[in-house]
Amino acid sequence: MERKEYEWVKENREVLLDFCSKMDPKDFTCEMGFGWQSVRDTLVHVANCYHGWLGSFILLKTKEPITPRENIPTIGIEEIRTLFEQADAYVYEVLESFSQKMDESIVQPIPWRESTEEISMTPRKLFMHTVTHEYHHKGQIMAMVRQLGYEPPNTDVLGTRE
């Protein structure tokens, strides 16, 4: 997966975020009893994954990539869009800066954790993890909105532009 495929991920995400922006705010934050509880909380979690693994572990841009739980209730759809815009910047920087090193292991502690235990991961694996993680949670969001009575949009990659 490279830049073109990631553009499809962004296109799908934009469809989802546009849909979420039209949801009743009470539904957007309604705790559903699974996953990250609400659509909002799940979207923040997904963005945090990009910030953590790409922005913090690979790029060393931040030591605090995870939105503190106590801040999540104040986050709206526009702030979520901003989190994803920064995530996109991390993706593009990883793809550019590591284009010839995607399979070279990075061995270091996880920057946002207190443990000094080192792990070994390649940029390719972490990039793939962040994308598959997003799609996993997108499926949970689709289930949540169905349970709330909405007809979710098509966010399948097959529906994207060529």
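From a predicted model like this one, the values you see are computed outputs, not experimental measurements.

### Concerning the overall build of the protein chain
Here's step 1: Scanning the protein chain for helices and strands turns up five helices and two strands.
Here's step 2: Going residue by residue from the N terminus, the α and β elements of the protein chain occur as α-α-α-α-β-β-α.
Here's step 3: In terms of overall size, the protein chain behaves like a compact globule, its C-alpha atoms giving a radius of gyration of 16 Å where 162 residues would be expected to give roughly 15 Å.
Here's step 4: In the protein chain, buried positions account for 45% of the 162 residues.
Here's step 5: Considering only contacts within the protein chain whose residues lie at least 6 apart along the sequence, 71% involve residues at least 24 apart.
Here's step 6: For the protein chain, the accessible area works out to roughly 8900 Å², and carbon and sulfur atoms hold 50% of it.
Here's step 7: The protein chain carries 18 positive and 27 negative side-chain charges, and their two centres are separated by 1 Å.

### Notes on the nonpolar core
Here's step 1: Ranked by internal contacts, the top residues of the largest apolar core, which has 44 residues, are C20, V39, L43, Y50, L54 and I58.
Here's step 2: Among the secondary structure elements, those contributing two or more residues to this core are α1 (3–21), α3 (39–58), α4 (77–97) and α5 (123–147).
Here's step 3: Of all the elements, α3 adds the most residues to this core, at 11 residues.
Here's step 4: Setting aside chain neighbours within four positions, we find Y50 in contact with Y6, V9, R13, G55, F84, A87, Y90, V91, T130, V131 and E134.

### Notes on the packing of α3 against α5
Packed helices, taken two at a time, are described by the angle between their axes plus the distance between the axes.
Here's step 1: Between α3 and α5, the shortest axis-to-axis distance is 9 Å and the interhelical angle comes to 175°. When the axes of α3 and α5 are compared, the pair comes out roughly antiparallel. Between α3 and α5, the residues in contact are V39, T42, L43, H45, V46, C49, Y50, W53, L54, F57 and I58 and P123, L126, F127, H129, T130, V131, H133, E134, H137, I141, M144 and V145, respectively.
Here's step 2: Broken down by class, the residue content of the contact of α3 with α5 amounts to 16 nonpolar, six polar and one charged.

### Description of the packing of aromatic side chains
Here's step 1: In this structure the tally under the stated criterion is six aromatic pairs.
Here's step 2: Summarising the aromatic geometry, the rings of W53 and F57 are spaced 5.6 Å apart at their centres and angled 65° between planes, so their arrangement reads as edge-to-face. Of this pair, W53 and F57 both sit in helix α3, separated by four residues, roughly a single helical turn. Like W53, the residue F57 is buried in the burial classification.
Here's step 3: Among the aromatic side chains, those forming a connected cluster through ring pairs are Y6, Y50, Y92 and F127.
Here's step 4: Here the guanidinium or amino end of K101 rests over the ring plane of F98, the centre of that ring lying 5.1 Å away.

### Notes on empty space enclosed by the protein
Here's step 1: On inspection of all chains with the given rule, the structure shows one cavity of 30 Å³ or more.
Here's step 2: Its boundaries defined by the atoms lining it, the largest cavity holds a volume of some 60 Å³.
Here's step 3: Along the walls of the largest cavity sit R13, L16, L43, V46, F84, E134, H137, K138 and I141, which together make up its complete lining.
Here's step 4: Only α1, α3 and α5 provide two or more residues apiece to the lining of the largest cavity.
Here's step 5: Classifying every residue of the lining of the largest cavity gives five nonpolar, one polar and three charged.

### Some words on α1
Here's step 1: For α1, which comprises 19 residues, the first-to-last C-alpha distance of 26 Å matches the rise-based estimate of 27 Å (1.5 Å per residue) to within 8%.
Here's step 2: Listed in full, the buried residues belonging to α1 are Y6, V9, E11, N12, R13, L16, L17, F19 and C20.
Here's step 3: Considering only its buried residues, α1 is in contact with α2 (25–28), α3, α4 and α5.

Rules used throughout
Residues numbered from 1 in each chain as written. Predicted model: local features only at pLDDT ≥ 70, side-chain atom pairs only at ≥ 80, totals over all residues. Heavy atoms only, no water. Helix = DSSP H or I, 4+ residues; strand = E, 2+ residues; numbered from the N terminus. Rg over C-alpha atoms; globule rule 2.2 N^0.38 Å. Buried < 20%, exposed > 50% of the residue type's maximum accessible area, 1.4 Å probe, protein only. Contact = heavy atoms within 4.5 Å. Areas by Shrake-Rupley, 256 points an atom, 1.4 Å probe, with all protein chains shown as cover. Lys, Arg positive; Asp, Glu negative; His and termini not counted. Charge placed at Lys NZ, Arg CZ, Asp CG, Glu CD. Core = buried A, V, L, I, M, F, W, Y, C linked by side-chain atoms within 4.5 Å. Axes fitted to C-alpha atoms, helices over the stretch in contact; angles between N-to-C directions. Parallel < 35°, antiparallel > 145°, perpendicular 65-115°, else oblique. Nonpolar A, V, L, I, M, F, W, Y, C, P; charged D, E, K, R; others polar. Phe/Tyr/Trp six-rings, centres within 6.5 Å; stacked < 30°, edge-to-face > 60°. Lys NZ or Arg CZ within 6 Å of the ring centre and 35° of its normal. 1 Å grid on protein atoms, 1.4 Å probe; cavity = no way out; pocket = protein on both sides within 12 Å on 5 of 7 lines; lining within 4 Å. Points joined across faces, edges and corners; volume = space filled by probe spheres on them. Expected span 1.5 Å × (residues − 1).

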